[in-house]
Amino acid sequence: MIVNRRILTDDMVARIEALASRYPTKQALTLPALHIVHDELRHVPLEAVVEIAKLLDLAPAEVQDTLTFYQFFYQTKPHGKVRAFVCRSISCALRGGEQVLDHLCEKVGIKPGETTPDGTITIEPAECLGACDFAPCMLAGNDLHKDLTREKADAFLNSVGRQNE
Amino acid sequence: MKPSDTFQPVLLEAAGIKDGFSIESYRSRGGYAPLEKLLAEKEPAEVVELVKSSGLRGRGGAGFMTGLKWTFLPKDHPGPIYLCVNADESEPGTFNNRILMEDDPHQVLEGIIISAYATRASTAYIYLRYEYPKSWDALQKAIDEAYEAGLLGDNIHGSGFSLDIYLHRGAAAYICGEETGLIESLEGKRAWPRIKPPFPAIEGVFRKPTVVNNIETMACVAQIARRGIEWFRSIGIPADPNNPRDPGSYGPKLYCLSGHVEKPGCYEAPLGITARELIDCFGGGVWKGRQVKAVIPGGISMGLMTEDELDTPLDFTGPGTVGCLGLGTAAVVVIDDTVSIVDFLHNSCRFFAHESCGQCTPCREGTNWSLRMLERIRAGKGRLRDLDLLVEIGDTMGMMPGSTICGLADGAAWPIKNSITKFRDEFENYIKQTNPTGYMETDPVPALPIVTTH
């Protein structure tokens, strides 16, 4: 059976294959491959799972099994253009992390874990981001936002093109 | 009064130095010379002996003797042997590995190369949590520099020893910090911890002998190679001569101070500093002039110390003497007197309910039901009986009661048991006040749906 590649681009495949020499098994490429696809598409649709499985000589169920274990990966639809993790673990919670999370969500009219209807931003509660020296904190893309206040949260929303509702 | 007046930070020596993360800076501070000397002069077994006799205990949380762990590898194994470096730091309150990787990645790399030489590992994987993109960049740059300098790759400095180091990115799962969960994840599977034995030293990643060590442990190895055993053993708390099973708590330690202090941060001190000294000498005191209500000694799974227990030495044995699980990651979280202990326990239970991997029923169900009960108590429907039920859950899940494969459930159970023991009055008053007509009920009640995990 010939499956036409539709989701994984040549570039993605090349990047996955370039990592192959690092591991003695192909299955070890599962997480790196999921990350490569997820970084670009902001989700890993089922078709991509089938293609990854084919690339790694695995059953699609094996890739799907790994994918669904890590709640990190989106599947049915992409997360927002910006994905913001707001820490709610103890050190941040003690310094107002949960209030910042609620404030952000309220401002853009979504619940924690949701994406705005225009797809601009996803706001998720996160467990400890390992930046307790800057509590409360948030990781948005690769940027760590430190010592958050409502004002800083508002400035962040403006910077990603979300004005107040 | 500062216990650290004569103590010189070494693990954090790059902090504040311009471009301290570069290979030039690291070399100018004496870095990599010890590695080159070891490669030229010592056999791997001698390096194992060096680390073993230093008394270094793993900095990841369990405090197992690092050198002893290495001796469990099979002798004369044809290879390959793998070294997995655990940078999945996710215990709430902990960020010392992040600081080391960002500020002084070459110190970490030197420790990894020395450890790989000692254990005859030819490949090292650094399992780095997703949440540390800056650490990723810093480590990758350092690895590239090390390859360029001939410190990694084939036949390092003509020693015949070859090593490759690869970064492997996690996907935001706490359980990947458990060493066999990490191994499963690295193999591309769900991170379900393995039943032991076999221990990783016999059969680890890709079914080969494997050592799993923490980032800070690697940095300590580099410092032991540079400064020697006597230096290392001159710091910390010596072994108790009356307890043959106490290996002592030697060396410097990174303490992560956070929560309600004026100056949160990562501070290096001799093992055995007290929480009170940390708060007063480094943390600038409790914030807003308030009082301490409780302190987490080493990450949330260790439980709480009360105000009158703050003079307990934070070494590998101290926290255990006041009913905590142990030193853990030495993440000291200060909680002031305005915080409700019910809110604390709710936060803890929510974390573990979210992070339980679901493999063992007692943990999957225990963490989730304890969260549901805390949700119900906070909704004004608590009953005094719930406290006994919570303690019962705590008593029955974990490796200690023998009902789970890994220690996550012990870490989930400890804050429950420990905080209800130490703050029972406050829990009872809260329940009586918020549920004045129903707090004595004992009939089964439906749980409230969990609304705060996703």
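Everything that follows concerns the structure shown earlier in this document.
Residues numbered from 1 in each chain as written. Chains lettered and ligands numbered in written order. Predicted model: local features only at pLDDT ≥ 70, side-chain atom pairs only at ≥ 80, totals over all residues. Heavy atoms only, no water.

A closer look at the pattern of salt bridges
All names here are of chain B. Within this structure, the stated rule accounts for 40 salt bridges over all chains. For Lys-69, the salt bridge is made with Glu-179, and the minimal N-O distance between the two is 3.3 Å. In this pair, Lys-69 sits in helix α4 (residues 66–71) while Glu-179 sits in helix α8 (residues 179–186), placing the two residues 110 residues apart along the sequence. For Lys-69, a relative accessible area of 21% puts it in the partly exposed group. In this structure, Arg-276 engages Asp-311 in a salt bridge whose closest nitrogen and oxygen atoms are separated by 2.9 Å. Residue Arg-276 is found in helix α11 (residues 275–282), and its partner Asp-311 is found in the loop between β10 (305–306) and α12 (318–321); the two are separated by 35 residues along the sequence. Residue classification places Arg-276 among the partly exposed positions, given a relative accessible area of 25%. In this structure Asp-311 comes out as partly exposed when scored by relative accessible area, which is 48%. Residues joined by salt bridges that share partners form a network here, namely Glu-13, Arg-29, Asp-104, Arg-226 and Arg-227. (Salt bridge = Lys/Arg side-chain N within 4 Å of Asp/Glu carboxyl O. Helix = DSSP H or I, 4+ residues; strand = E, 2+ residues; numbered from the N terminus. Buried < 20%, exposed > 50% of the residue type's maximum accessible area, 1.4 Å probe, protein only.)

Here we look at the interface of chain B and chain A
At the interface, 58 residues of chain B touch 41 residues of chain A. Buried area between chain B and chain A, both sides added, is near 4000 Å², and the carbon and sulfur share of it is 55%. Between Arg-169 of chain B and Asp-39 of chain A there is a salt bridge, and its shortest N-O distance comes to 2.9 Å. Contributions of two or more residues to the side of chain B that touches chain A are made by α5 (96–103), β2 (123–128), β3 (164–169), α8, β7 (252–259), β11 (331–336) and α13 (341–355) of chain B. In terms of residue count, α13 of chain B provides more of the side of chain B that touches chain A than any other element does, six residues in total. Classifying every residue of the side of chain B that touches chain A gives 32 nonpolar, 16 polar and ten charged. (Contact = heavy atoms within 4.5 Å. Buried area = accessible area lost by both parts, 1.4 Å probe. Nonpolar A, V, L, I, M, F, W, Y, C, P; charged D, E, K, R; others polar.)

Observations regarding the side chain of Glu-124 of chain A
Residue and element names in this part refer to chain A. With respect to the secondary-structure elements, Glu-124 resides in strand β2 (residues 121–126). One polar contact links Glu-124 to Tyr-74, side chain to side chain, over a distance of 2.6 Å. There is a polar contact of 2.7 Å between the side chain of Glu-124 and the side chain of Arg-83. (Polar contact = N/O pair within 3.5 Å; in protein donor to acceptor, adjacent residues only side chain to side chain.)

Topic: helix α2 (residues 30–41) of chain A
With twelve residues, α2 of chain A should reach 16 Å at 1.5 Å per residue; the first-to-last C-alpha distance of 16 Å fits that figure. Restricting attention to buried positions, one finds in α2 of chain A the residues Thr-30, Leu-31, Pro-32, Ala-33, Leu-34, His-35, Ile-36, Val-37 and His-38 of chain A. (Expected span 1.5 Å × (residues − 1).)

Here we look at the sheet that holds strand β8 (residues 265–270) of chain B
All names here are of chain B. Taking strand neighbours across the sheet as the criterion, the five strands line up as β8-β7-β11-β9-β10 in an open arrangement whose pairing is mixed. Edge positions in the sheet fall to β8 and β10, since each of these pairs with one other strand and no more. Bridge analysis of strand β9 (residues 292–296) against β10 gives two bridges, and the strand direction is antiparallel. Bridge pairing in β10 places Val-295 opposite Met-305. Across the sheet, α5 is in contact with β7 and β8; its angle to β7 comes to roughly 115°. (Pairing = 2+ DSSP bridges. Axes fitted to C-alpha atoms, helices over the stretch in contact; angles between N-to-C directions.)

Some thoughts on the sheet that holds strand β1 (residues 82–87) of chain B
Residues and elements named next belong to chain B. On the basis of which strands lie adjacent, the open sheet formed by four strands has the order β3-β2-β1-β4 and parallel pairing. Looking along the sheet, the strands with just one partner apiece sit at the ends: β3 and β4 (210–214). Taking each pair of neighbouring strands and ignoring which way they run, the sheet shows an average axis angle of 20°. Sheet topology places β1 next to β2; six bridges connect them, and they run parallel.

Re the packing of α13 of chain B against helix α17 (residues 424–434) of chain B
Residue and element names in this part refer to chain B. Taken N-terminus to C-terminus, the directions of α13 and α17 make an angle of 100°; their axes are 9 Å apart at the nearest point. One element, α13, and the other, α17, form an angle in the roughly perpendicular class. The residues of α17 that touch α13, namely those facing Ile-341, Val-342 and Leu-345, are Glu-426, Phe-427 and Tyr-430. Partitioning the contact of α13 with α17 into residue classes produces five nonpolar, no polar and one charged. (Parallel < 35°, antiparallel > 145°, perpendicular 65-115°, else oblique.)

What about the side chain of Ser-91 of chain A?
Considering the arrangement of structural elements, one finds Ser-91 of chain A in helix α5 (residues 90–93). A distance of 2.7 Å separates the side chain of Ser-91 of chain A from the side chain of Ser-258 of chain B, its partner in a polar contact. What Ser-91 of chain A contacts, discounting residues up to four positions off in sequence, is Cys-132 and Ala-135 of chain A together with Gly-93, Ser-258, Gly-259 and Val-333 of chain B.

Topic: unusual backbone geometry
Of all residues except glycine, most have a negative phi; of all peptide bonds, most are trans. Look at the link from Gly-79 of chain B to Pro-80 of chain B: it is a cis peptide, with omega at 0°. Along the chain, Pro-197 of chain B connects to Pro-198 of chain B via a cis peptide bond; the corresponding omega equals 5°. Positive phi is not limited to glycine here, since Asp-57 of chain A has a value of about 55°. Along the polypeptide, Asp-57 of chain A turns up in the loop between α3 (46–55) and α4 (60–69). Positioned with a positive phi, Asp-76 of chain B is a non-glycine residue whose angle comes to about 55°. Within the secondary structure, Asp-76 of chain B is located in the loop between α4 and β1. Asp-76 of chain B sits in the exposed class, given a relative accessible area of 79%.

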